[in-house]
Amino acid sequence: MDPHRENGQSDGPNPKKQKPSPPPPITDDEILAEFSHHDPSVARINNGSFGSCPSSVLSAQSDLQLRFLRQPDHFYFNSLQPSLLRSRSLIRRLVNADDVSEISLVDNATTAAAIVLQQIQWAFAENTFSKGDAVVMLHYAYGAVKKSIHAYVARAGGHVIEVPLPFPVHSEEQIVAEFRKALDLGAAGGRKVRLAVIDHITSMPSVVIPVKELTKICREKGVDQVFVDAAHAIGNVDVDVRDIGADFYTSNLHKWFFCPPSVAFLYSRKSPASSGLHHPVVSHEYGNGLAVESGWIGTRDYSAQMVVPAVLDFVARFEGGIEGIRTRNHEKVVEMGKMLAEAWGTCLGSPPEMCCSMVMVGLPGCLAIENEGDATKLRTHLRDEFKVEVPIYYNSLRTGCCGEERNGSSLVTSYARISHQVYNVENDYCRLRDAINKLVKSGFNCGMLSSA
Ligand SMILES: Cc1ncc(COP(=O)(O)O)c(C=O)c1O
């Protein structure tokens, strides 16, 4: 019998299969529920530091952890590697890498930096590089990565060139010019530059760096390897590793991509350099390529690396997916940054096109933030007294020559780094505005805070 006929009657030609209509976009209440584990009393405008993870992804993670505990052998022999491969494949597609073997999953950007720098150290130890060969990094490189460069490179006999960058910054050209100058200085001193470490988005102050352009300059000037520290990038700016053209590129997935702590990817372009990379924790897979080595570095919890499919399900609930999320975050954080700058009589630290989902906003000079200690004390004060979580940047390199660095009669010495993620609401930023205004009105300055 024809399965399309009922009671011997034809129901006509088979109707074309209708594409299921997409589910309605996530509502504000559903977003609230996804982040209901956040402390509701805190205005949390610092997604940049530690990221955030929605409860649907946490629940997928907890399910994986239980599956491991229920039957570890089955999990280890049948589930773990296919699941890690699936996460790597999804990341490969997202960042436009050629091949999944170019994508490794590691704990965090700090680990990725250690992997890249370790092979530089070996090159010095094995005399492939000569003492005095150089590594270039930005002045605004992340503190832990700077220390790593010193630990792995300077100790091995390498020379470190630091590229000074202006802040506030007005254009990409300023950054490009300083970068060229630093490479030329290295060449004039007869140094071979073995590695450039370039941030995609600097942390403090937060600025989007023209990383493709800087990589191109490295190629022109004969720099051996380029490593992009893009800890903040995925979910925050467009990432196309092929287009950027660096040898190595890392981004955390737990900052702006909703993974739980902690997981990052490290892209290593297929090249002789990439075959020299090894995970710093050596285990059974040593010598089988970084991606495979990183998939087993001993017994531990791999669940954060396995939830990438659940993250993609989460972001698919937003209009435009991850691109839609980052576009709206960018627009909103710029709007909020301008609102704060206007309320305080200050300026943004960079033009909006050099911002991502984070913006630097000048703080009133009368707060008298005179050093990094003051910045930390003010941050703590905002947390303790106002329940506002926001990092404060003290600008030690300020030139003092730009009119916009002034706020009334005093110099703007510091900036608040505000973030916007899907869970933020306008009131979070109003609370920061009002807290600073209250301090200013009361005649407060940082000298009044004890250094406890
Ligand atoms: C530019 C940059 N690099 C590296 C890191 C280190 O990231 P993680 O602590 O996740 O290793 C950070 C963290 O904020 C960062 O901003």
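The rules behind these values
- Along each chain, numbering runs from 1 in the same order as the chain's sequence is written.
- A pLDDT threshold of at least 70 governs which residues receive local features in this predicted model, and a stricter bar of 80 or more applies before side-chain atom pairs are shown or counted, although totals over entire chains, interfaces and linings include all residues.
- Strands are runs of DSSP state E lasting at least two residues, helices are runs of H or I lasting at least four, and both sets are numbered from the N terminus onward.
- Three exposure classes are used. Buried residues have 20 or more other C-beta atoms within 10 Å of their own C-beta, exposed residues have 12 or fewer, and partly exposed residues fall in between, all C-beta atoms being placed from the backbone.
- Residue pairs are scored as contacts if the distance between their C-beta atoms, which are placed from the backbone, is within 7 Å.
- Working definition: the nonpolar core is a set of buried Ala, Val, Leu, Ile, Met, Phe, Trp, Tyr and Cys residues, joined through C-beta atoms within 7 Å.
- These domain limits were set by an automatic method or by a database of domain assignments.
- Put plainly, near means the residue's C-beta atom, positioned from the backbone, lies within 6 Å of the molecule or strand in question.
- Gly is placed with the polar residues, together with every amino acid not listed as nonpolar (Ala, Val, Leu, Ile, Met, Phe, Trp, Tyr, Cys and Pro) or charged (Asp, Glu, Lys and Arg).
- What makes two strands pair is DSSP finding at least two bridges between them.
- Seen with its strands pointing away from the viewer, a crossover is right-handed if its path from the first strand over the helix to the second goes clockwise.
- Fitted lines through C-alpha atoms serve as axes, helices being fitted only where they are in contact, and the angles separating the N-to-C directions of these axes extend from 0 to 180 degrees.
- The span one expects for a helix is its residue count, reduced by one, times 1.5 Å.
- The arc in question is traced by the directions running from the helix axis to the C-beta atoms.

1. Some remarks on the overall build of the protein
Working step 1: Looking only at helices and strands, one finds 15 helices and 16 strands in the protein.
Working step 2: Projecting the C-alpha coordinates of the protein onto the three principal axes gives extents of approximately 90 × 60 × 45 Å.
Working step 3: By residue count, 46% of the 452 residues in the protein fall in the buried class.
Working step 4: Here the contacts in the protein between residues at least 6 apart in sequence split such that 68% fall between residues at least 24 apart.

2. Quick word on the nonpolar core
Working step 1: In terms of nonpolar packing, the biggest core is built from 132 residues, with Val 136, Val 197, Val 228, Val 311 and Ile 418 touching the most fellow members.
Working step 2: Counting contributing residues per domain, this core is built from domain 1 (63–312) and domain 2 (320–448), each supplying no fewer than three.
Working step 3: Residues contacting Val 311, with those up to four places away along its chain left out, are Val 57, Phe 257, Phe 258 and Cys 259.

3. Examining the site of the ligand
Working step 1: All residues in the neighbourhood of the ligand are listed as Asn 108, Ala 109, Thr 110, Tyr 142, Ala 144, Val 145, Asp 199, Ser 203, Asp 229, Ala 231, His 232 and Asn 252.
Working step 2: Every element with two or more residues in the shell around the ligand is listed here: helix 5 (109–125) and helix 6 (143–154).
Working step 3: Class assignment of the residues belonging to the shell around the ligand gives a composition of five nonpolar, five polar and two charged.

4. Side note on the pairing of strand 6 (residues 159–163)
Working step 1: Pairing of strand 5 (residues 134–138) with strand 6 involves five bridges; the strand directions are parallel. Bridge assignment links Met 137 to a residue of strand 6, and that residue is Glu 162.
Working step 2: In this fold, strand 5 hands off to helix 6, which returns the chain to strand 6; that crossover is right-handed.

5. A few points about the sheet that holds strand 16 (residues 414–419)
Working step 1: Read from one edge of the open sheet, three strands run 11-16-13, paired in antiparallel fashion. With one partner strand each, in any of the chains shown, strand 11 (358–362) and strand 13 (392–394) form the two edges of the open sheet. The mean inter-strand angle of the sheet, taken between neighbouring strand axes irrespective of direction, is 30°.
Working step 2: Direction of pairing for strand 11 relative to strand 16: antiparallel, over a ladder of five bridges. Across the sheet, residue Met 360 finds its bridge partner in strand 16, namely Arg 417.
Working step 3: Sitting on the sheet, helix 13 (residues 321–344) is in contact with strand 11 and strand 16, with an inclination near 5° to strand 11.
Working step 4: In this fold helix 14 (residues 372–386) packs onto strand 13 and strand 16, with an angle of close to 165° to the strand it touches most, strand 13.

6. Here we look at helix 14
Working step 1: In this model, helix 14 (15 residues) spans 20 Å end to end at C-alpha, consistent with the 21 Å of a helix rising 1.5 Å per residue.
Working step 2: Along helix 14, the residues classified as buried are Asp 374, Ala 375, Lys 377, Leu 378 and Leu 382. Each buried residue of helix 14 sits inside an arc of 160° when the element is viewed along its axis, so together they form one side.
Working step 3: Where helix 14 is buried, its residues touch strand 12 (388–389), strand 13, strand 16 and helix 15 (426–441).
Working step 4: The first or second residue beyond helix 14 is Lys 387, which carries a positive phi of 55°.

7. Focus: the domain arrangement of the protein
Working step 1: When its domains are assigned, the protein resolves into domain 1 (63–312) and domain 2 (320–448).
Working step 2: The C-alpha centroid of domain 2 is placed 29 Å from the C-alpha centroid of domain 1.
Working step 3: Looking at side-chain class alone, the side of domain 1 that touches domain 2 contains eleven nonpolar, five polar and one charged residues.

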